[in-house]
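So the chains spell out like this:
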Amino acid sequence: MHNHPVYTDNDPQSELSTLNLGPTHPATHGVFQNVLQLDGERIVSGVSTIGYIHRAFEKIAEHRPFYQITPLTDRLNYCSSPINNMGWHMTVEKLLNIQMPKRVDYLRIIVMELARIADHIVCNGVLGVDTGAFTGFLYMMEYREAIYEIYEEICGSRLTTNVGRIGGFERNFNEIFFRKVNKFLAEFPAVLQEFENLFNRNRIFMDRTRGVAAVSAETALGYSWSGVLLRATGVDYDVRAMNPYSSYDDLSFEVPVGTSGDVYDRFLVRNEEMKQSMSMIQQCLDKLKGEDPTIFHADVPEFYLPPKEEVYNNMEALIYHFKIVMGEVETPVGEVYHSVEGANGELGFWLVNDGGRTPYRLHFRRPSFINYQMYAPMSRGMLLSDAIINMSSLNIIAGELDA
Amino acid sequence: MGKITNEELLQQINEKFGEAIKVEGEPYGLLTIEAGRENIIDLLTFLKTSPELQFIYLTDITAIHYPEREKPIGIVYHLHSLVNNVRIRIKVFVADGDVWIPSATVLWDGANWMERETYDFFGVDFKGHPDLRRILNVDDMTVFPMRREYPLEDPNRVDKKDYFFGR
């Protein structure tokens, strides 16, 4: 695809121009700056700058008790915040050696897979927009709204959900939640099929995406890529399958992989993943039928923040509430690495705890940060229009890139 | 899954590096070892290229600061053998005023930004890094903010009082 001559600065034939793509260019989905050297429309070299929205999450986390770190995780990948939330809670639960009831695990998987679908809807929809097809985006966006309404049923908020608790959920899931999930599962496959019909064999879309930004498996592994981007190159590394957390090992699912690692394959892999996610949600709904419907958290009163009405009426709950909020609960000394399959790759938490009120050190392995570093090197020799499509296919979330 | 146990893994490392490696433990099943900066690249190369171990995937590089220790800055590597599905954590501690370590970019291209981030926040000088600049903070910053001597600013600071702003 890219066998065109690439001129260098010293080449007398060329007159290079410099283009500032971003920080707030309409074609970049956030605050990204890339200073590109262009020969005509072809990119000769590029330098990426990040760091426009740095919020010092790791530093803040060192000054907060575990519960208060949850809102920080929400704001990493805000397109699928429940995955970040629960990844964090599972890390803490691993540290505390808390065993979850099965029902909580299944409910968590339902919410996390919904989040993954929502994230993929946005990414693939926007990839369509960048190739000039707005219609698909509109079809799909309605269903992201449907997922946000489902979040609303369980926690009252939509984008930054703050949905979990250490040890489970803040409240039990109501009937409307299950009704909405079932409605979503009934309606979405047809919409996804329509979306695929619109794009998968579309001549323009294929011409714009096939062979564009193709990456080999070796290169992707060398750059520590993970998630859809790595799987599109043919490597079937999925944290859910390889190191199953929660109760993913109870479910049967496939890990879709691509072959060429180009933009088109990433698009297809995301679509396939949405289907797998729906199957996982259905499996969890089936498994929930055998579980006690009143259980929504583990029996760990010293760590699980009690509901407000209990705090007002029950002395033990009041004491635990006070101790948890003030960071007075004893936590084991130790260090934990826990990773979950975020919507755009392996989201890892490295937590070092010295038994104090706050973590001694907390590091987020943010997939966007690691995936994005290849953007400038891989853009070399590409057309500017291809580089735009490439960026949307990488699913970079600014909040996670620059936490 | 997991065809290699931590014991076997440790045995292989010990055969090659012997006394140079110190075992820190297996917190939550993840083998943690401590190496010196003089043999870190050899160790990483061995782990990556050994046909049995195949730690081909660099999950993460970051650092930690223990100001009270003799060697306060610890550089931490997380590696993952995708073939055997085993993870390992390697730590290298260096003394204050002498905070450098060879760069792992010779083994993984992906180490580039991870090391830049570690430099940005802890001031670790990765020797041989092709482009060691700050990445998330502003270039003219003079401190390394994730070190423990820089606490978050106090919310009760007097210059943040509302009446200074006419509120």
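Residues numbered from 1 in each chain as written. Chains lettered and ligands numbered in written order. Predicted model: local features only at pLDDT ≥ 70, side-chain atom pairs only at ≥ 80, totals over all residues. Heavy atoms only, no water.

## A closer look at the interface of chain B and chain A
Of the residues lining the interface, 46 residues belong to chain B; the matching set on chain A comes to 43 residues. Carbon and sulfur atoms supply 58% of the area buried between chain B and chain A, which totals about 3,800 Å² over both sides. Counting the surface chain B buries against chain A, the share from its top three residues, Tyr 28, Tyr 57 and Trp 113 of chain B, is 21%. Put simply, chain B and chain A have 5 salt bridges between them. Joining chain B to chain A, the criterion identifies 31 residue pairs in polar contact (both at pLDDT 80 or more). Going through the elements one at a time, β3 (57–65), β4 (73–81), β5 (86–94) and α3 (111–122) of chain B are the ones with two or more residues in the side of chain B that touches chain A. Of the residues that constitute the side of chain B that touches chain A, the class distribution is 26 nonpolar, 10 polar and 10 charged. (Contact = heavy atoms within 4.5 Å. Buried area = accessible area lost by both parts, 1.4 Å probe. Salt bridge = Lys/Arg side-chain N within 4 Å of Asp/Glu carboxyl O. Polar contact = N/O pair within 3.5 Å; in protein donor to acceptor, adjacent residues only side chain to side chain. Helix = DSSP H or I, 4+ residues; strand = E, 2+ residues; numbered from the N terminus. Nonpolar A, V, L, I, M, F, W, Y, C, P; charged D, E, K, R; others polar.)

## Quick notes on the packing of aromatic side chains
Tallied over the entire structure, the rule returns 28 aromatic pairs over all chains. Each ring, one from Trp 88 of chain A and one from Phe 349 of chain A, has its centre 6.2 Å from the other, and the planes form 50°; the classification is tilted. Residue Trp 88 of chain A is located in helix α3 (residues 81–96), and its partner Phe 349 of chain A is located in strand β7 (residues 345–353); the two are separated by 261 residues in the primary sequence. The exposure class assigned to Trp 88 of chain A is buried, which follows from its relative accessible area of 0%. With a centroid separation of 6.2 Å and 40° between ring planes, the pair formed by Tyr 66 of chain B and Phe 93 of chain B is classed as tilted. You can see Tyr 66 of chain B sitting in the loop between β3 and β4 and its partner Phe 93 of chain B sitting in strand β5, a full 27 residues away along the chain. Since its relative accessible area comes to 10%, Phe 93 of chain B is described here as buried. In textbook terms, an aromatic cluster arises when at least three aromatic residues are bridged by ring pairs, as seen for Phe 32, Phe 369, Tyr 372 and Tyr 375 of chain A together with Trp 113 of chain B. Its end group placed over the ring of Trp 100 of chain B, Arg 37 of chain B keeps NZ or CZ at 4.2 Å from the ring centre. In this arrangement the basic side chain of Arg 148 of chain B is found over the ring face of Tyr 360 of chain A, its NZ or CZ atom lying 4.0 Å from the centre. (Phe/Tyr/Trp six-rings, centres within 6.5 Å; stacked < 30°, edge-to-face > 60°. Buried < 20%, exposed > 50% of the residue type's maximum accessible area, 1.4 Å probe, protein only. Lys NZ or Arg CZ within 6 Å of the ring centre and 35° of its normal.)

## A look at the confidence of the model for chain B
All names here are of chain B. Per-residue confidence for chain B gives a mean pLDDT of 91, with 91% of residues at or over 70. Of all helices and strands in chain B, the one with the weakest mean pLDDT is strand β1 (residues 22–25) (92), whereas strand β6 (residues 100–102) scores best (97). This complex was scored by the predictor with a pTM of 0.92 and an ipTM of 0.91. (pLDDT = per-residue confidence, 0-100.)

## Let's talk about unusual backbone geometry
That bond from Gly 22 of chain A to Pro 23 of chain A is cis: its omega, 5°, falls within 30 degrees of zero. Its place among the elements puts Pro 23 of chain A in the loop between β1 (17–21) and β2 (33–39). With a phi close to 55°, Gln 54 of chain B is a non-glycine residue in the positive phi region. Residue position: Gln 54 of chain B is located in the loop between α2 (40–49) and β3. On the basis of relative accessible area, Gln 54 of chain B is assigned to the partly exposed category, the value being 26%.

## With respect to the UniProt feature "domain: NADH-quinone oxidoreductase subunit D" (unreviewed entry) in chain A
The positions that UniProt labels "domain: NADH-quinone oxidoreductase subunit D" (unreviewed entry) are, in the present scheme, residues 130–402 of chain A. Annotation note: span residues 130–402 of chain A, helix share 50%, strand share 10%, distance between end C-alpha atoms 23 Å. (UniProt positions renumbered as here; feature names shortened; annotations may be inferred.)

## Focus: helix α11 (residues 263–288) of chain A
With 26 residues, α11 of chain A should reach 38 Å at 1.5 Å per residue; the first-to-last C-alpha distance of 37 Å fits that figure. Counting buried positions along α11 of chain A gives 19 out of 26 residues, so the element sits mostly inside the fold. (Expected span 1.5 Å × (residues − 1).)

## Brief notes about the sheet that holds β5 of chain B
Residue and element names in this part refer to chain B. Spatially, β1-β2-β5-β4-β3 is the arrangement adopted by the 5 strands of the open sheet, whose pairing is mixed. Since the sheet does not close on itself, it has two edges, and those belong to β1 and β3, each with one partner. Strand-to-strand, the axes of this sheet are offset by a mean angle of 25°, without reference to chain direction. Bridge count for β1 against strand β2 (residues 31–35) is 3 bridges, and the pairing is antiparallel. The residue bridging Lys 22 from the neighbouring strand is Glu 34, located in β2. α3 rests against β3 and β4 of the sheet, and its axis sits at about 5° to β3. (Pairing = 2+ DSSP bridges. Axes fitted to C-alpha atoms, helices over the stretch in contact; angles between N-to-C directions.)

## A short note on the layout of surface pockets
Empty space within the largest pocket amounts to approximately 820 Å³. Around the largest pocket sit 29 residues that line it, and Lys 94, Asn 243, Pro 244 and His 338 of chain A together with Tyr 28 of chain B are the ones nearest its centre. Those elements giving two or more residues to the lining of the largest pocket turn out to be α3, α4 (102–130) and β6 (334–342) of chain A together with β5 of chain B. For the lining of the largest pocket, the residue count by class is 11 nonpolar, 12 polar and 6 charged. For the second largest pocket, the calculated volume is near 340 Å³. (1 Å grid on protein atoms, 1.4 Å probe; cavity = no way out; pocket = protein on both sides within 12 Å on 5 of 7 lines; lining within 4 Å. Points joined across faces, edges and corners; volume = space filled by probe spheres on them.)

## Quick word on the sheet that holds β6 of chain A
By definition, the strands of a sheet pair up through backbone hydrogen bonds, in either a parallel or an antiparallel sense. All names here are of chain A. Sheet architecture is open: 3 strands sit in the order β6-β7-β8, paired in antiparallel fashion. Two strands lie at the open edges of the sheet, namely β6 and β8 (361–365), each paired on one side alone. Taken over all neighbouring pairs, the strand axes of this sheet differ in orientation by 10° on average, direction set aside. Where α3 meets the sheet, its contacts fall on β6, β7 and β8, and the angle it forms with β6 comes to roughly 150°.

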